Each structure stands twice: as C-alpha cells, then as structure tokens.
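# Examination of the molecular architecture
Here's the letter readout for the chains.
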Amino acid sequence: MSNPPVDSSGPSPAPWWSDAVVYQIYPRSFADGNGDGMGDLRGVVERLPYLAELGVDAIWLSPFYKSPQADAGYDVADYRQVDPLFGTLEDFDAMLADAHQRGLKVIVDLVPNHTSDEHIWFQEALASPPGSRERDRYMFRPGKDEVPGSGDGNRPPNNWKSIFGGPAWTRITEADGSPGEWYLHLFDTKQPDLNWENPEVQEEMRSVLRFWLDRGVDGFRVDVAHGMVKEAGLPDWEGAAAMVEGTEVHREPMQPGDAPGAHTDLEEPHRAVSPTYPPSPFFDQEGVHDIYRDWHRVLEGYGSDRMMVAEAWVEPAERLARYVRQDEMQQAFNFDFLLAGWDAERMSESIDASLAAAASVGAPCTWVLSNHDTVRHSTRFGLKDPTTFPKGIAATDEQPDAALGLARARAATLISLALPGSAYVYQGEELGLPEHTTLPAEARQDPTFFRTRGAETGRDGCRVPLPWAADQPGYGFAGSHSLTAAPPWLPQPESFGPHAADQQDGVSGSTLELYRAALAFRAGRRLGLGTFAWADSHAPESGVLAFHNGDVLVLANTGFASAPVPEGYSVALSSGLEPAADWSGMREVPVDCTVYLAKN
Ligand code: GLC
C-alpha cells in the first residue's frame, strides 16, 4: 500500500514564539531551593509544576552566570558558568530537561554590551599596556586632549554619562602605578563596555551562543540590544543618559555604605527628553543590525525553532521593528505599550503603532507590562497619575492606592493577554504583587540608587522575593527549608502576605486564578495568533478601549462611568474581583475593569 500524498500546500505552522506567553524568572527572587535566602535553579525546578499549571509556554531566566553581582548578575564574569549562588551547570541542565518535559521552552539572558570587571578579559586588559590586543577588547581611551605619554589625561575622553548616574568613564592605574587610560562603562563602573569592532569579541559571543544552544536552550533575551556599537570617534553628546524618558541626574556616585540622603538635599530632577531617537552616539547605531544578522545565522544552524528577543529601548515603533526584520531577531520587547500607562487613548495609539510596525516586518508583536527594571504595574497604576513611570518608589514618595492599582493592573493584563502576538509576564504579577515602596535605604542594592546618590530610588522594589505561603517565615520563599532558612535577600513587606500563592490557589476572584483563566482562554481561542480589529464601541476619548480578536470582543473601561456590554454578547471573563459565578448576569463593565465577551 502506498502512503497517501502529503499535502504541503498549506501554510507552515507559526513558530512557537509567535504567540508564546513567556514568564520572566528573576532567579534571585523566584524560589530559594537551599535556604540561603537567595533564589536559585533548584528553586526554579521545585516551582516548574506551578508554572506549567499557570499555563505559560516558556520561561526566561535573568542572568544566573558567574558574577560578582554588582548589578544583580547583569555583570557577567564567566558566560559559561553558573554562579554558585544559583547552583551548578548540572542544576541548569536538570532544570532545562524538566522544563522541556513539561512542554516549557527556556530562554536565557545574554549580556553582550559589557562584561564584569572581574571577567578574565578585563583583568588581562588591566595587566596589559595601552594599545595591546587585551585592551582592544574593551573601550579604553586616553584622557581628553592628553599628550601621549604625559600622564596629564585627567579629563574623561568625552562627556558621556552612565545610565546608572555619574560619569561613563573610569580612569585606571597602569600596572606600573602611573595614572592610566580611561575605560567606558555605560552602566556601573564594574560593567566595562566591550569593543564590538573587535573580531575576537564577535567570535567569543558567537561561541557563547553556541555553548547554550548546544545545551538545548530555546532562545536568548538580548540585554541592551540597542547598545554595543558606538558612533565612530565617540563624540560628545548633550542628551540624557537614561534608558527611557525620566529624571536626569548627573552627580558623582555615592558608594554602598555612604549616607544616602535620598531626596532631601537634591535639586528638583527635571524631565529629560527621550534619548533614543535620533540616536545617541551609544544607542541604536546602524552597526548593531550586522551583529543580529550574524547571530541569526548562528541560530539557524540549530534549526528553525530558536529565537532571540531584543531588550531595545528605542522609539518610535518603526525603529524597534528594524531589530525584528526577517534576518535579525524574532521578537523585541514592546516598551511603548508599557509606557502608555492606564490611559485608553495612549494605549490605543500604542496598540495601533505596535501592530503596524511589527506587521511591516512580518514579526509578532510583544506585550509587556512589568519586568525587573520597572515599578510593578499594580503599583504604577495606583499612583495619582497612572501614566507616570517612576524609577522606583521610596517611603517619602507618593504611595500608591493599592486596591485601585491592583484593579487596573488586572484589567491591563487582560488587555495585553488578548492582543495578537506574544506576551511577557513578570514573576509575581500573577499574584497581583505590589512594588515594595517602603524599602529602607540600608536594604537597597541597586547600583542606580548609589550612583545617583539616592535621586533614583532604583529597581529593588520590584525585585523582592516572591511570597509562596502566607504563614511561613519569608512567606515560604525557601519552600520546604523555610523554617530554618536565612531571611530573603531583600526584606518583604507585610502587604505580601495576602498575595502569597497559597492564599490565592483555588480562590475564585483571586489574581492567580484570573491569570490561569485568562491564559487558558487565550490558548483555547488562540488569541495570540488571532486577528485584531477595533470594535464599534471603541471610544478611547471616553476611556473605553474595545477590540475584536476573532470572535472575542474585549472591552476595557479606563473611564469614569460604567460601560454597557454590547447586545448579543455575554461576559466570559472579567478582571473584577467578583467570583466567576457572578459574570453571567453582567450587563455593565465597571470602571477599571476589562471583560472578555463571547457571542451569545
Ligand atoms: C538591562 C537589564 C538591567 C541591567 C542593564 C545593564 O537593562 O534589564 O537590569 O541593569 O541592562 O546590563
């Protein structure tokens, strides 16, 4: 009997990332598997069943590589080793195998713009003379207007500022004890920028990609993907050295242990212009695209199901789309939507622009509301102006209305999960976790807090270890070790108790059950691959955002009065706090609520 003819005429199935829901694990704060107060890879393994039950498709792990942890692991000392804080390479392999067995893809972070100053290459560079091959792997330069060999180069090569505050250049002492060259660090002093013109740097990063691809990872989240290549000549630049629009602070850094004096003795910070486009001489340079084309080919060597997602704070959306052209990366985080706040008009404009830009290059859109660098959306949306984007919140700042923030966060999440494309969920947002807004200065660890002398509160508040069990010490962060475990590396606020996973599991109306239901609904209706169209009831000027995705009508109410459920539809899912049993009779969508509506 001959085989039936194979029909190859149909469209090939969309790659897995086109509609994937990716859960971001911040390893330090997800789950502590050995009771030392720090999250780790064994902790991840213990909680994989939770993630599978949640209904996500993939996990992305922030860096777990060998690192002195000057920037929570975004300062990599060895790209091929697991830091002992998080476990071993064997633990990684076991985690990867377990995740794969549960049908979860695994994305790891790649940090190519800079290494740690404790990376062997930087150590070699310090020990080698100016002009050496070792120095050329980094961005070393003589001081401004320095007469060669005179040692008078006591001014930095240009005026660039570090994104974390303070100057972007640090002067070294040469091996013979004389004042030496300067090196560039767009971030912390302990994060020297690599020289991406150098073929050895290029080859090393290709090899790092292959190292993790060979182990079986499904993709990479590329850190500061708009960085790496710098404009020739490193010209001065007067713009603000921030990743996104925000406060511009130019001060000498404070060191850990210095009295913080946060917010008290500083002049009023002012709004800085977004530095991303026209590009600064250090971001969004044309040359970065050659790197991604090159990496695209490396991934292709492993088949068609490995991917890269760009962390690129560039605008407008058309600029971002250039990172996901067919021969470059597969996804880019859509921070435009994250920055739109809880505002129907801005969200609506952002959705239009994002979908159009992604479609213009044939890439899937992504939707992100929170991550380890931003104030959690359940807190941002509880501020008086829910479109603001603070860089951390301290006890002396405006405190959010927690209930309002949570209602809006749940509503915003339902919007993002119903849009076509891929969605990112930051650990803890499925618990409705708020930002820790009253962390004491002594507890803070983020280098931005120190380098801006407290003018930027920093990102610690969104990085607090997760609460798993309300009645356990450390809210169960250390699982079965909780009774004897060291306290979590950042203190948790009391407000975490009611948000603990065990308080929400199986409780209809809880945020955890809302996420589970929304993810199941999204998967069942294939919303991630669906077709988007604004609905007749879409009225962003009155705060109503309404769109169709296939047969589903999504209606979000950001306004001041309840909005009617259109005739012919009934509520299939609501972001409100009421139990699911109450949805069937709903004919009005209250303010700060989103509903999924199905045709009767
Ligand atoms: C990215 C990371 C951030 C880190 C920075 C420097 O923005 O998300 O956490 O501090 O890059 O690597």
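What you see is a predicted model, and the numbers here were worked out from it, not measured in a lab. (Residues numbered from 1 in each chain as written. Predicted model: local features only at pLDDT ≥ 70, side-chain atom pairs only at ≥ 80, totals over all residues. Heavy atoms only, no water.)

### What to know about the overall build of the chain
Counting its secondary structure elements, the chain contains 14 helices and 20 strands. Over its C-alpha atoms the chain spans a radius of gyration of 24 Å, differing by no more than 12% from the 25 Å that the globule rule assigns to 600 residues. Considering only C-alpha atoms, the chain reaches an extent of 80 × 75 × 50 Å along its principal axes. The long-range share in the chain, meaning contacts at least 24 apart out of those at least 6 apart in sequence, stands at 71%. Of the accessible surface of the chain, which amounts to about 22900 Å², a share of 52% is contributed by carbon and sulfur atoms. Looking at charge distribution, the chain has the averaged site of its 47 positive side-chain charges lying 2 Å from that of its 88 negative ones. (Helix = DSSP H or I, 4+ residues; strand = E, 2+ residues; numbered from the N terminus. Rg over C-alpha atoms; globule rule 2.2 N^0.38 Å. Contact = heavy atoms within 4.5 Å. Areas by Shrake-Rupley, 256 points an atom, 1.4 Å probe, with all protein chains shown as cover. Lys, Arg positive; Asp, Glu negative; His and termini not counted. Charge placed at Lys NZ, Arg CZ, Asp CG, Glu CD.)

### Observations regarding the packing of aromatic side chains
Inspection of the entire model under this criterion finds 33 aromatic pairs. Arranged with centres 3.7 Å apart and planes meeting at 5°, the rings of W313 and F335 form a pair that is stacked. Of this pair, W313 sits in the loop between strand 10 (307-310) and helix 7 (317-321) while F335 is found in helix 8 (residues 335-339), placing the two residues 22 residues apart along the sequence. Considering the side-chain rings of W342 and F381, the 6.2 Å spacing of their centres and the 35° angle between planes classify their relative orientation as tilted. Here W342 is found in the loop between helix 8 and helix 9 (344-360), whereas its partner F381 is found in the loop between helix 10 (377-380) and helix 11 (402-418), with 39 residues between them in sequence. This pair shows no difference in class: W342 is buried, exactly as F381 is. Clustering of aromatic rings is evident, with ring pairs tying together W60, W313, F333, F335 and Y424. (Phe/Tyr/Trp six-rings, centres within 6.5 Å; stacked < 30°, edge-to-face > 60°. Buried < 20%, exposed > 50% of the residue type's maximum accessible area, 1.4 Å probe, protein only.)

### Structural notes on the side chain of R444
With respect to the helices, strands and loops of the structure, R444 is situated in the loop between strand 13 (422-426) and helix 12 (447-451). Look at R444 and you get buried, because its relative accessible area is 5%. With residues up to four places along the chain from it excluded, the contact list for R444 reads I393, A394, L439, F449, F450, T457, D460 and G461.

### What about unusual backbone geometry?
Here the amide bond leading from E315 into P316 is cis, since omega sits at -5°, within 30 degrees of zero. Locating P316 in the fold gives a position in the loop between strand 10 and helix 7. Of note in this structure, M228 is not a glycine but carries a positive phi near 70°. Checked against the element boundaries, M228 lands in the loop between strand 9 (219-222) and helix 6 (288-300). One non-glycine residue, D284, lies in positive phi territory at about 60°. Along the chain, the position of D284 falls in the loop between strand 9 and helix 6.

### Overview of the sheet that holds strand 7 (residues 169-173)
The antiparallel open sheet is built from 3 strands, whose spatial order is 6-8-7. The two strands at the open ends of the sheet, each matched to only one other strand, are strand 6 (140-141) and strand 7. As paired strands, strand 6 and strand 8 (residues 179-184) are joined by 2 bridges and run antiparallel to one another. Within strand 8, the residue paired with R141 across the bridge is W182. (Pairing = 2+ DSSP bridges.)

### What about the sheet that holds strand 20 (residues 593-599)?
Spatially, the 5 strands line up as an open sheet ordered 14-15-16-20-18, and their pairing is antiparallel. Edge positions in the sheet fall to strand 14 (532-534) and strand 18 (569-574), since each of these pairs with one other strand and no more. Across the sheet, the mean angle from the axis of one strand to that of its neighbour is 30°, orientation sign disregarded. Across 5 bridges, the pairing between strand 18 and strand 20 is antiparallel. By the bridge assignment, L573 is partnered in strand 20 with Y596. (Axes fitted to C-alpha atoms, helices over the stretch in contact; angles between N-to-C directions.)

### What to know about the domain arrangement of the chain
Here the chain is partitioned into domain 1 (12-112 + 200-231 + 283-504) and domain 2 (114-193). For domain 1 versus domain 2, the distance between C-alpha centres works out to 30 Å. Between domain 1 and domain 2, the residue contacts involve 23 residues of the former and 26 residues of the latter. Summed over both sides, the interface between domain 1 and domain 2 buries roughly 1900 Å², with carbon and sulfur atoms accounting for 60% of that surface. (Domains from an automatic or database assignment. Buried area = accessible area lost by both parts, 1.4 Å probe.)

### Describing a negative patch on the surface
A contiguous patch of negative charge on the surface is contributed by E345, E349, D352 and E541. On the secondary structure map, D352 appears in helix 9. (Patch = residues over 30% accessible without salt bridge, like charges linked within 9 Å, V, L, I, M, F, W, Y side chains within 5 Å. Salt bridge = Lys/Arg side-chain N within 4 Å of Asp/Glu carboxyl O.)

### Looking at the packing of helix 3 (residues 89-101) against helix 5 (residues 199-215)
At their nearest, the axes of helix 3 and helix 5 sit 10 Å apart, and the two run at 55° to each other. When the axis of helix 3 is compared with that of helix 5, the two are oblique. Seen from helix 3, the contacting residues are L89, F92, D93 and L96; seen from helix 5, they are F211, W212 and R215. Its residues placed into classes, the contact of helix 3 with helix 5 shows 5 nonpolar, no polar and 2 charged. (Parallel < 35°, antiparallel > 145°, perpendicular 65-115°, else oblique. Nonpolar A, V, L, I, M, F, W, Y, C, P; charged D, E, K, R; others polar.)

### Some words on the site of the ligand
The immediate surroundings of the ligand are formed by 15 residues, with D71, D223, E311, H372 and D373 found nearest. Contacts to the ligand include D71, whose side-chain N or O atom sits 2.5 Å from an oxygen atom. Look at the ligand: alone it shows 300 Å² of surface, and the protein chains cover 99% of it. Tallied by class, residues from the shell around the ligand come to 5 nonpolar, 3 polar and 7 charged. Mapped onto the domain boundaries, the shell around the ligand takes at least three residues apiece from domain 1 (12-112 + 200-231 + 283-504) and domain 2 (114-193). (Near = heavy atom within 4 Å. Polar contact = N/O pair within 3.5 Å; in protein donor to acceptor, adjacent residues only side chain to side chain.)

### Let's talk about the nonpolar core
Core analysis: the largest hydrophobic core is formed by 157 residues, its most contacted members being Y23, L51, F220 and W295. Per-domain counts for this core show at least three residues from each of domain 1 (12-112 + 200-231 + 283-504) and domain 2 (114-193). Those residues in contact with F220 that lie beyond four places of it in its chain are I107, V108, L110, L209, W212, L213, L299, M307, M308 and V309. With 14 residues, the next largest nonpolar core counts M139, I163, A168 and F283 among its residues. (Core = buried A, V, L, I, M, F, W, Y, C linked by side-chain atoms within 4.5 Å.)

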